[in-house]
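Analysis of the macromolecular model
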Amino acid sequence: MGSGGLELPPGDEGHEGNSADVPPGTVSLARPMETTSIGPELDWDADAWREVRTRAQRAGRAYIWLNLVEQRLRAVVAAVLRPIYEPVHGDEWVIAAAGPAGQEWVQRAVAVREVSRRKGYLLDPADDNVLSFLTLPQLRELMVQHWPCFEPYVDDRRDVELALDELEVTRNVVSRNRALSEAVLNQAERASARLLDALGAGGDVPSARRLPVDAVEDLVGDRYADVVAVHPDRVRLLRQFPAEDIFGGARRLDAVGIGLNLLVQNFSGRRLVRLAEAGCRVRLLFLNPASSAVKRRERELGMKRGELSRAVEMNILHMRRVRSRLRDPDAFQIQVYDETPRFSAYLVDGDGADGVAVVQSYLRRSRGMEAPVLVLRNGSRVVKSSEKDEGVDSGLFPTYREEFETTWVDSRPVS
């Protein structure tokens, strides 16, 4: 007997839910489905996981940029407006600066601050102020309202507003955890970099002109020593980092490898002449085309006998022609070594903190064009994870620079 006074039928086959023999006054219960699962499929397949990971990666990168911009804009607003309003209004200087036009949103920020206080969301006492609870559009409104105060520090108001307009789409997408397209992410990164530069917080890394500092590198780059990019092969390297960006404007260029194709075949002799005439000091280390190491490398790659040595000879001859056109040939040195080649390395401005290096290891069955590529930035440091250990380790750049210098000492000049 059920709770409602109705009799439940027995579970035998003669009294199934669709049977005509069910006595009056009973409630029919359908038998459970004999399938392995009921309801929607909850598991994600490989494509779904790939999609959500892509979304998370893009949103993470965008969040880092937005966080940097918001912190910088908040600091600029505080530096400019606090000395004006705080002497008169004290801790309520932000409310006074907002004025009647911003009364609604500033009161909302005050309310959120009070709720955060009661619930213990303020983990850092430095954030216990109204300014920390203003959003990016509200910080922008403060800046626009008081533009004459900011004008001496910011070159172009229109550039700042356009960059903030471009970021608004990304901010809305990230705050609501919706899909962010690659095009919008790229636009947000460019706008953020432009805005940070306009607000006087551009990258302070000297090599940023040659290899722009990425927001993720700036924050978590210590996890990867001084490796700032990894490419599966040289083709993909040159798509994102053309030879002109690598070598153009260099004041010092040291290169070691077998045939140095990345330089010889992708950077014209005319550009090398102009580079050297502008004061760049060049040192090139080729593998001796007559050495036994070339023959071993030919066998590894399955090349015809003498094929690799002729290619190296042609590259050396091309560099000799470049050197012959210079007023100061000593600024353009070419040497050969006889040791087993282990890697190729192009060290641009490697004697300073603004150096960049492109490094490839020689694999037994892969040509240089097919080998993975590391891009290094000199001057980076690996921060120790333990707070007690205040020391730092240098990255990979000095290792390859030392290898180059050691090989250079043991090599012979090409006349």
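Before reading on, note that the structure itself is shown above.
Just so you know, these numbers come straight off a predicted model, no measurement behind them.

1. Things to note about the overall build of the chain
The secondary structure content of the chain amounts to 15 helices and 10 strands. Looking at the 415 residues of the chain, the share that counts as buried comes to 38%. Looking at the chain alone, contacts between residues at least 24 apart form 69% of all its contacts between residues at least 6 apart. Accessible surface, the chain as shown: approximately 24300 Å² in total, 50% of it carbon and sulfur.

2. A word on the packing of helix α4 (residues 136-145) against helix α6 (residues 157-175)
At their nearest, the axes of α4 and α6 sit 11 Å apart, and the two run at 165° to each other. Considering their axes alone, α4 and α6 lie roughly antiparallel with respect to each other. Note that α4 runs across α6; the crossing there is left-handed. Note on element contacts: α6 touches α4 through Arg157, Val160, Glu161, Leu164, Asp165, Glu168 and Arg171, opposite Leu136, Pro137, Arg140, Met143 and Val144. Residues that form the contact of α4 with α6 fall into these classes: 6 nonpolar, no polar and 6 charged.

3. Observations regarding the pattern of salt bridges
One pass over the full model with this rule turns up 25 salt bridges. Across the pair arginine 171 and glutamate 168 runs a salt bridge whose closest N-O atoms are separated by 2.9 Å. Of the two residues, arginine 171 and glutamate 168 both sit in helix α6, 3 residues apart, roughly one turn of that helix. Assessed through its relative accessible area of 23%, arginine 171 is described here as partly exposed.

4. As for the packing of helix α1 (residues 46-89) against α4
Running from N to C, α1 and α4 point in directions that differ by 30°, and their axes come no closer than 10 Å. The angle between α1 and α4 falls in the class roughly parallel. Considering only the axes of α1 and α4, their crossing is left-handed. Between α1, through Val69, Glu70, Leu73, Arg74, Val77 and Leu81, and α4, the contact on the second element is made entirely by Leu136, Leu139, Arg140, Leu142 and Met143. Here the contact of α1 with α4 is composed, by residue class, of 8 nonpolar, no polar and 3 charged.

5. Describing the packing of aromatic side chains
Aromatic ring pairs are described here by two measures, namely the spacing of the ring centres and the angle between the planes. Counted by the stated rule, this structure contains 5 aromatic pairs. A ring pair is formed by tryptophan 44 and tryptophan 49, whose centres lie 4.9 Å apart and whose planes are at 85°; its orientation type is edge-to-face. Relative accessible area serves as the criterion here: at 40%, tryptophan 49 is assigned to the partly exposed category. On the basis of an interplanar angle of 25° and a centroid distance of 5.8 Å, the ring pair of phenylalanine 404 and tryptophan 408 is categorised as stacked. Of this pair, phenylalanine 404 and tryptophan 408 both sit in helix α15 (residues 397-409), 4 residues apart, which is roughly one turn of the helix. The pair phenylalanine 404 / tryptophan 408 is uniform in exposure class, with both members buried. Here a set of aromatic residues connected by ring pairs shows up, and it is made of Phe247, Phe267 and Tyr346. It is arginine 283 that lies over the ring of tryptophan 408; its NZ or CZ is 5.3 Å from the centre.

6. Points about unusual backbone geometry
The phi torsion at asparagine 177 lies on the positive side, around 55°, for a residue other than glycine. Positionally, asparagine 177 belongs in the loop between α6 and α7 (182-198). Although it is not a glycine, leucine 260 sits at a positive phi angle of roughly 55°. When you line up the elements, leucine 260 lands in the loop between β2 (252-256) and α11 (261-264). Exposure remark for leucine 260: the relative accessible area of 2% places this residue in the buried category.

7. Regarding the pairing of strand β4 (residues 332-337)
Burial within β4 is extensive, with 5 of its 6 residues counted as buried. Bridge count for strand β3 (residues 281-287) against β4 is 6 bridges, and the pairing is parallel. Within the sheet, the bridge partner assigned to leucine 284 lies in β4 and is isoleucine 334. Strand direction decides the pairing type here: β4 and strand β10 (residues 412-413), joined by 2 bridges, are antiparallel. If you follow glutamine 335 over to β10, its bridge partner there is proline 413.

8. Topic: a positive patch on the surface
A cluster of basic residues, Lys295, Arg296, Arg299 and Arg305, forms a positive patch on the protein surface. Within the fold, arginine 296 resides in helix α13 (residues 292-301).

9. Description of α6
The periodicity of an α-helix, 3.6 residues per turn, causes residues three or four positions apart to be oriented the same way. Counted at 1.5 Å a residue, the expected span for α6 with its 19 residues is 27 Å, and the 26 Å between its end C-alpha atoms agrees. When α6 is considered as a whole, its buried residues turn out to be Val160, Glu161, Ala163, Leu164, Leu167, Thr170, Val173 and Val174. Backbone nitrogen of arginine 158 and a side-chain oxygen of the N-cap are separated by 2.9 Å at the start of α6; the cap is aspartate 156. Directly beyond the C-terminal end of α6, a positive phi value near 55° is found at asparagine 177.

Rules behind the numbers
All chains use their own residue numbering, which begins from 1 and follows the written sequence. With pLDDT at 70 or above as the cut-off, local features in this predicted model cover only qualifying residues; side-chain atom pairs require 80 or more to be listed or tallied, and sums for whole chains, interfaces and linings still use all residues. Note: side-chain values were computed over all heavy atoms of the structure, leaving out hydrogens and water. Strands here mean DSSP runs of E at least two residues long; helices mean DSSP runs of H or I at least four residues long; both are numbered from the N terminus. Think of it in three bands: with a 1.4 Å probe and only protein chains considered, a residue is buried below 20% of the maximum accessible area for its type, exposed above 50%, and partly exposed in between. Residue contacts are counted whenever heavy atoms from the two residues lie within 4.5 Å of one another. Working definition of accessibility: Shrake-Rupley area with a 1.4 Å probe, residue cover restricted to the visible protein chains. Between N-to-C directions, angles span 0 to 180 degrees; the directions come from axes that are lines fitted to C-alpha atoms, helices contributing only their stretch in contact. Working rule for angles: under 35 degrees goes down as roughly parallel, over 145 as roughly antiparallel, 65 to 115 as roughly perpendicular, anything else as oblique. Here a crossing is called left-handed whenever its near helix is offset anticlockwise from the far helix by less than a right angle, and right-handed whenever the offset is clockwise. The nonpolar class holds Ala, Val, Leu, Ile, Met, Phe, Trp, Tyr, Cys and Pro. Asp, Glu, Lys and Arg form the charged class, and all remaining residues, Gly among them, are polar. Here a salt bridge means any side-chain nitrogen of Lys or Arg lying within 4 Å of a carboxyl oxygen belonging to Asp or Glu. Each pair of aromatic rings taken from Phe, Tyr and Trp, with Trp reduced to its six-membered ring, is defined by centres within 6.5 Å and is described as stacked if the planes are under 30 degrees apart, edge-to-face if over 60, and tilted in the remaining cases. We call a charge positioned over a ring when the NZ of a Lys or the CZ of an Arg lies within 6 Å of the ring centre and within 35 degrees of the ring normal. At least two bridges found by DSSP between two strands is the condition for calling them paired. The residues that make up patches have over 30% relative accessible area and no salt bridge, and they are joined within 9 Å when like-charged or within 5 Å when they are Val, Leu, Ile, Met, Phe, Trp or Tyr. The charge count treats Lys and Arg as positive and Asp and Glu as negative. His and the chain ends do not count. A single reference atom marks each charge: NZ on Lys, CZ on Arg, CG on Asp, CD on Glu. How far a helix is expected to stretch is found by multiplying one less than its residue total by 1.5 Å. Under the rule applied, a polar contact is a pair of N or O atoms within 3.5 Å (in protein, one hydrogen donor and one hydrogen acceptor; residues adjacent in sequence only if both atoms are side-chain atoms).

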